[in-house]
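Overview (structure and organization)
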Amino acid sequence: MPTSRPPHDLPGRVSRVVVTPVAFRDPPLLNVVGVHQPYVLRAVVQVHADEGLVGLGETYADQAHLDRLEAVAAALPGADVFDLNGLRRVVVEALGASTGGAGASFGGMLEVSSAVDTVAAPFEVALLDLQGKALGRPVSDLLGGAVRERVPYSAYLFYKWAGHPGHGEDDWGEGRTPEQLVAQARRMVTEYGFTAVKLKGGVHEPRHEIETVEALAAEFPGHALRIDPNGAWTVGTSIEVAGRLADVLEYLEDPTPGIEGMALVAERTELPLATNMCVIAFEHLRPAVAADAVQVVLSDHHLWGGLRRSALLGGICETFGLGLSMHSNSHLGISLAAMTHLAAATPNLTYACDTHDPWKTEDVVRPGVLEFRDGSVAVPTGPGLGIELDEDALAALHEQYVTCGQRGREDTAYMRSIVPGFTPNTARW
Ligand SMILES: [Mg+2]
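Definitions and limits used
Residues numbered from 1 in each chain as written. Predicted model: local features only at pLDDT ≥ 70, side-chain atom pairs only at ≥ 80, totals over all residues. Heavy atoms only, no water. Helix = DSSP H or I, 4+ residues; strand = E, 2+ residues; numbered from the N terminus. Contact = heavy atoms within 4.5 Å. Areas by Shrake-Rupley, 256 points an atom, 1.4 Å probe, with all protein chains shown as cover. Lys, Arg positive; Asp, Glu negative; His and termini not counted. Charge placed at Lys NZ, Arg CZ, Asp CG, Glu CD. Core = buried A, V, L, I, M, F, W, Y, C linked by side-chain atoms within 4.5 Å. Buried < 20%, exposed > 50% of the residue type's maximum accessible area, 1.4 Å probe, protein only. Domains from an automatic or database assignment. Pairing = 2+ DSSP bridges. Expected span 1.5 Å × (residues − 1). Donors = N, O, S within 2.8 Å, 3.2 Å for Na, K, Ca; no water. Phe/Tyr/Trp six-rings, centres within 6.5 Å; stacked < 30°, edge-to-face > 60°. Lys NZ or Arg CZ within 6 Å of the ring centre and 35° of its normal.

Here the focus is the overall build of the protein chain. Counting secondary structure elements, the protein chain contains 14 helices and 17 strands. With respect to the principal axes defined by its C-alpha atoms, the protein chain has extents near 70 × 50 × 45 Å. Within the protein chain, residue pairs in contact and separated by at least 24 positions form 74% of the contacts whose partners lie at least 6 positions apart. Within the structure as shown, the protein chain displays about 16,700 Å² of accessible surface, and the carbon and sulfur contribution to it stands at 51%. Between the averaged position of the 32 positive side-chain charges in the protein chain and that of its 54 negative side-chain charges there is a distance of 2 Å.

This is the structure:
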């Protein structure tokens, strides 16, 4: 009986998988659980196929996550590069054997009950990159085709210290007052052309953060504004802030923790509520829809199991009349390319996507593709993700990982090393 095998000039099987942890410099950006450490840890996944092609993926690099990635990397050789359902099976089996399939946690802010989606994601992206390279088509084509040539991104403002203690002042300087945040936004809007602006909140008392948003609204009329305090506010405060900022925000992101709390806020405001905290996995969709807790879901292929699972999320959002935006963690160019292909091929992803890109000064991807213009990135048109790995940069950032001493994301512990007694601000205000 004939078996369905790719033609001989297509890569058939995975031959080798390499997972490389890297560290890149990051400014002291403040959030509800603390402050960004001096380095961001990421893992670069390279999936080699037996015809010499290499597919790329990128994900988190906390030690527990790295252990799971390594378990999959060991099990994947021999897999068909076009069998994405088979990849999932390999991940389930590898996690069952190596880790008990336990859940995953991210920077102390997010929890999911299963690690399968987060572990599968970078391998799925790498296999799609391989498929695209083999077929001579961009990944957006494999996701159904790009419905937009450029993907709009949002400026991502942070309250921040002037620099990491002991490292001097960084390029951005202090970000504490509304005037300083307006200056930060002005620089990002000037350099990148963003027309959407997001403020990471939950750092100062709500009154201070409201004043910052109002200063941004006055300075950037017509820009789409968002604030995300990561659940730092009570239900009552959230309703109050929503009332005060109803005319200047396009959505309010995670004002208070949990589906129940968000539903109570949603009942009392016309402002759409967005989330990447109470709905971060398929298991959260049903209760969130039942409670009418959120109006916009922030997708994130790193969390939701890759690009095709994120497209599935897009379909579910469409079914239930939910808006769709995109979340970002600090990332390198491999992830930016994947995010751009996904957003380009997701028709109902109509909001500008989040990105930490402006804060990044180092990368593993060769420059040229992924440039920002008018606040957007052109969808790469080359085969696969359409980007090229810089092997020297990868080696240098891996060396930085080895020497930096960080082995996980520890915003709270790092903050406490500087501000003893700091406690995360969950619904404090
Ligand atoms: Mg968020």
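A separate point is the nonpolar core. Counting residues in each nonpolar core, the largest one holds 135 residues, and the members touching the most others are Val47, Phe123, Tyr153, Ile334, Val364 and Leu385. If one sorts the elements of this core by residue count, helix 3 (residues 116-135) sits on top with nine residues. Here this core spans two domains, and each of domain 1 (14-139 + 391-405) and domain 2 (145-378) adds at least three residues to it. The residues touching Leu385, leaving out its near neighbours within four places in the chain, are Leu56, Val125, Asp129, Val139, Ile334, Ala337, Ala338, His341 and Pro380. Tyr251, Ala274, Val296 and Leu298 belong to the second largest nonpolar core, which has five residues in total.

Attention now goes to the pairing of strand 8 (residues 150-158). Where burial is concerned, most of strand 8 is hidden: seven out of the nine residues are buried. Here strand 8 runs beside strand 17 (residues 376-378); their pairing, made up of three bridges, is antiparallel. By the bridge assignment, Pro152 is partnered in strand 17 with Ser376. Here strand 8 runs beside strand 15 (residues 353-354); their pairing, made up of two bridges, is parallel.

This part is about the pairing of strand 4 (residues 39-49). Both faces of the sheet carry side chains from a regular strand, because those side chains alternate between them. Most of strand 4 is tucked away: ten of the eleven residues are buried. Bridging between strand 1 (residues 14-25) and strand 4 involves eleven bridges; their strand directions are antiparallel. Note that in strand 4 the partner of Val14 across the bridge is Ala49. As defined by bridge partners, strand 4 adjoins strand 5 (residues 54-60) across seven bridges and the pair is classed as antiparallel. Paired with Ala43 across the strands is Thr59, a residue of strand 5. Between the end of strand 4 and the start of strand 5, which pair antiparallel, lie four residues, with Gly52 showing a positive phi angle near 95°.

All right, on to helix 1 (residues 63-75) then. Look at helix 1: 19 Å from first C-alpha to last across 13 residues, which is about the 18 Å you get at 1.5 Å a residue. Looking at helix 1, one finds that the buried residues are His65, Leu66, Arg68, Leu69, Ala71, Val72 and Ala73.

Glancing now at the coordination of the magnesium ion. Within the protein, the magnesium ion binds to Asp228 (OD), Glu253 (OE) and Asn276 (OD1); these donor distances fall in the range 1.9 to 2.2 Å. Within one chain, the residues serving as donors to the magnesium ion are arranged as D-x24-E-x22-N. Within this pair, whereas Asp228 is found in strand 10 (residues 224-228), its partner Asn276 is found in the loop between strand 12 (273-275) and helix 9 (285-291), the two being separated by 48 residues in sequence. Here Asp228 and Asn276 have matching classes, each one buried.

The final tally for this structure, using the stated rule, is nine aromatic pairs. Seen in terms of ring centroids, Phe194 and Phe372 are 5.8 Å apart; in terms of plane orientation they differ by 70°. Their pairing is edge-to-face. Of this pair, Phe194 sits in the loop between helix 5 (178-192) and strand 9 (196-200) while Phe372 is found in strand 16 (residues 372-373), placing the two residues 178 residues apart along the sequence. For the pair Phe194 and Phe372, one class covers both residues: buried. A network of ring pairs unites the aromatic residues Tyr153, Tyr192, Phe194 and Phe372 as a single cluster. Here Arg407 stacks its cationic end above the ring of Tyr401, 4.1 Å away from the centre of that ring.

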